[in-house]
Amino acid sequence: MRFLSLLCVLCGFSMPAAAQLTLFPARSGDLAAPTVVVYSSLDEPLARPMIIGFQTANPDVAVRYEDMLTGEIYDRIVKETDAGERTADFAFSSAMDLQVKLSNDGYAQRSDMPMSGRWPAWANWRNTAYALTFEPAVFVYHKPSFTKEKPPSTRAELVDYLKRQGSAVFGKIGTYDIERSGVGFLFMARDQEQFGDIWSVIQAMGAAGVKLYSTSSAILERVSDGRFVLGYNILGSYAADWASRHPDVGIVLPRDYTVVMSRIGLVPQAAATPDLGRRYLEFFMSKEGQTIMARELQIPAVSPDVAGVNTANTMREMLGGQLKPVPVSPGLMVYLDQVKRARLIARWNEVLRLQ
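Criteria and thresholds
- Residues numbered from 1 in each chain as written.
- Predicted model: local features only at pLDDT ≥ 70, side-chain atom pairs only at ≥ 80, totals over all residues.
- Heavy atoms only, no water.
- Core = buried A, V, L, I, M, F, W, Y, C linked by side-chain atoms within 4.5 Å.
- Buried < 20%, exposed > 50% of the residue type's maximum accessible area, 1.4 Å probe, protein only.
- Contact = heavy atoms within 4.5 Å.
- Helix = DSSP H or I, 4+ residues; strand = E, 2+ residues; numbered from the N terminus.
- Polar contact = N/O pair within 3.5 Å; in protein donor to acceptor, adjacent residues only side chain to side chain.
- Phe/Tyr/Trp six-rings, centres within 6.5 Å; stacked < 30°, edge-to-face > 60°.
- Expected span 1.5 Å × (residues − 1).
- Arc of directions from axis to C-beta.
- Pairing = 2+ DSSP bridges.
- Right-handed = clockwise from strand over helix to strand, strands pointing away.
- pLDDT = per-residue confidence, 0-100.
- Axes fitted to C-alpha atoms, helices over the stretch in contact; angles between N-to-C directions.
- Parallel < 35°, antiparallel > 145°, perpendicular 65-115°, else oblique.
- Left-handed = near helix turned anticlockwise from the far one by under 90°.
- Nonpolar A, V, L, I, M, F, W, Y, C, P; charged D, E, K, R; others polar.

Turning next to the nonpolar core. Among the nonpolar cores identified, the biggest contains 107 residues, and Y65, L132, L162 and Y280 are the most heavily contacted of them. Other than its neighbours up to four places away in sequence, L162 contacts V169, I173, A204, M205 and A208. Y39, M68, I73 and Y107 belong to the second-largest nonpolar core, a separate cluster that totals 15 residues.

Now for the side chain of T128. Structurally, the position occupied by T128 is in the loop between strand 6 (124–125) and strand 7 (129–131). A polar contact is formed between the side chain of T128 and the backbone oxygen of R126, at a distance of 3.0 Å. In contact with T128, not counting residues within four places along its chain, are S103, A108, Q109, R110, G265 and L266.

What follows deals with the packing of aromatic side chains. If you walk through the whole model with that rule in mind, you get 14 aromatic pairs. Between F54 and Y280, the ring centres sit 4.8 Å apart and the planes meet at 55°, which makes this aromatic pair tilted. With F54 in helix 1 (residues 44–57) and Y280 in helix 9 (residues 274–285), the pair connects residues that are 226 residues apart, well separated along the chain. Residue class for F54 comes out buried when judged on its relative accessible area of 0%. Taking the relative accessible area as the measure of exposure, Y280 reaches 3% and is therefore buried. When the centroid spacing of 5.2 Å and the interplanar angle of 35° are considered together, the rings of F146 and Y161 count as tilted.

The next point concerns helix 12 (residues 338–353). Over its 16 residues, helix 12 runs 22 Å from end to end, which matches the ideal 22 Å to within 8%, given 1.5 Å per residue. Within the sequence span of helix 12, burial applies to L344, I345, W348, V351 and L352. Buried residues of helix 12, viewed axially, fall in a sector of 130°; they line one side. Exposed residues lying more than 90 degrees from the buried face of helix 12 are Q338, V339, R343 and R353. Regarding helix 12, its N-cap is D337, as a side-chain oxygen of that residue lies 2.9 Å from the backbone nitrogen of V339 further along.

Turning to the pairing of strand 2 (residues 35–40), a few remarks are in order. Every regular strand shows the same layout, with side chains that alternate between the two sheet faces. The buried count for strand 2 comes to five of six residues, which makes it a mostly enclosed element. The pairing of strand 2 with strand 3 (residues 62–67) spans six bridges and is parallel. Counterpart to S40 in the pairing with strand 3 is D67. For the handedness criterion, the β-α-β arrangement of strand 2, helix 1 and strand 3 is classed as right-handed. The pairing of strand 2 with strand 4 (residues 90–93) spans three bridges and is classified as parallel. Counted as the bridge partner of V38 is F90 from strand 4.

In the Ramachandran plot, R126 falls in the positive-phi region, its phi being about 50° despite a non-glycine side chain. In this structure R126 comes out as exposed when scored by relative accessible area, which is 59%. Non-glycine residue N233 carries a positive phi angle of around 60°. Here N233 falls in the buried class, since its relative accessible area comes to 5%.

All right, on to the confidence of the model for the protein chain then. For the protein chain, the mean per-residue pLDDT works out to 91, and 94% of the residues sit at or above 70. Scored below 50 in pLDDT, residues 1–17 makes 74 contacts in the model with residues more than four places away or belonging to other chains.

Following the sequence through the fold, S40 ends up in strand 2. What makes S40 buried here is its relative accessible area of 1%. A polar contact is formed between the side chain of S40 and the backbone nitrogen of L42, at a distance of 3.0 Å. Filtering out sequence-adjacent residues up to four positions away, S40 remains in contact with Y65, E66, D67, M68, I73 and F92.

In this section: the packing of helix 1 against helix 10 (residues 287–295). Between helix 1 and helix 10, the least distance of the axes is 9 Å, while the angle of their chain directions is 160°. Taken together, the axes of helix 1 and helix 10 are roughly antiparallel relative to one another. Of the two possible hands of crossing, helix 1 and helix 10 adopt the one that is right-handed. For the pair helix 1 and helix 10, the contacting residues are P49, M50 and G53 in the first and E288, G289, I292 and M293 in the second. Looking at the contact of helix 1 with helix 10 residue by residue, the classes come out as four nonpolar, two polar and one charged.

Let's shift gears to the environment of R180. By the element assignment, R180 lies in the loop between strand 9 (173–176) and helix 5 (182–194). For R180 and I51, which are 129 residues apart along the polypeptide, the C-alpha to C-alpha distance reads 31 Å. Those residues in contact with R180, other than ones at most four positions away along the chain, are L212, Y213 and S214.

In this fold, R279 is placed in helix 9. Along the backbone, R279 and N58 are 221 residues apart, and their C-alpha atoms lie at a distance of 8.6 Å. In contact with R279, other than residues within four places in its own chain, are F54, N58, D60 and V61. A distance of 3.1 Å separates the side chain of R279 from the side chain of D60, its partner in a polar contact.

And the structure:
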């Protein structure tokens, strides 16, 4: 799997049903040490190497880590801020649109970091919201089903394959249900922006009896055992994890364009101790923190100072303009507009239903 080492093996969208709190005492042993409060959609066991790294660099700080759903992070920050209460010192979430909305609506404060000036322009919204990871959407396929031909590597090739195979692959294609999957909706919205003929792809998948799921694992499980031959627009982190444990799962970064999403970090406006929130963000953006992200968490790093596999630098060197990162900007909020969201979902359902 030549791109496997460049993809995350972290199932970052596997979130707890309710907020879970873990307290990491200061490594200095000071029971009265200041505590940085973190709201995050990254499960604590997976985030632990980053927390340990932060505390190694900041032994005088305790960490109160609360992992929760992305919507819960947004709702808590808004509710606590509007009530005049203190909220998290740092928020880290995969819901790009909601994080940018917090920033745009005044719920996040400016954080001028040592790396701010060198951070990629697409990954920095006014020194307030920072993209801290680099995660592609990929095609996944069942390797034994492609012994006589290569799997599709572009959307045009995907449409051609589905039309040629006809009934042989009917009901054996999977993708996200964009009504229930936030990342699925984000990828579909970007598809519509990047590919003028995207509805022909959806139409072809509908004609092939595409199955819709709210999670990546449901699709990858079926690809790994051969019930599905293909999965479309699957988050690379899930795909790489499954491929590492299931040799029949293959991965393709689509050659026409590969959408890249990111997890966003910010310091809330109503943070109880914003200076600690900025110290946490600074570590996330540092060479040390981004290296831990790439090597230990296995999440591709954004920092221009980090080289090697699992970095934006290496992926860009290999794939260049093929990669289409989702910019951290107010443009992300377009599909939070309920009318526009409903319109896209309605067309999606209509095109699939016509088949």
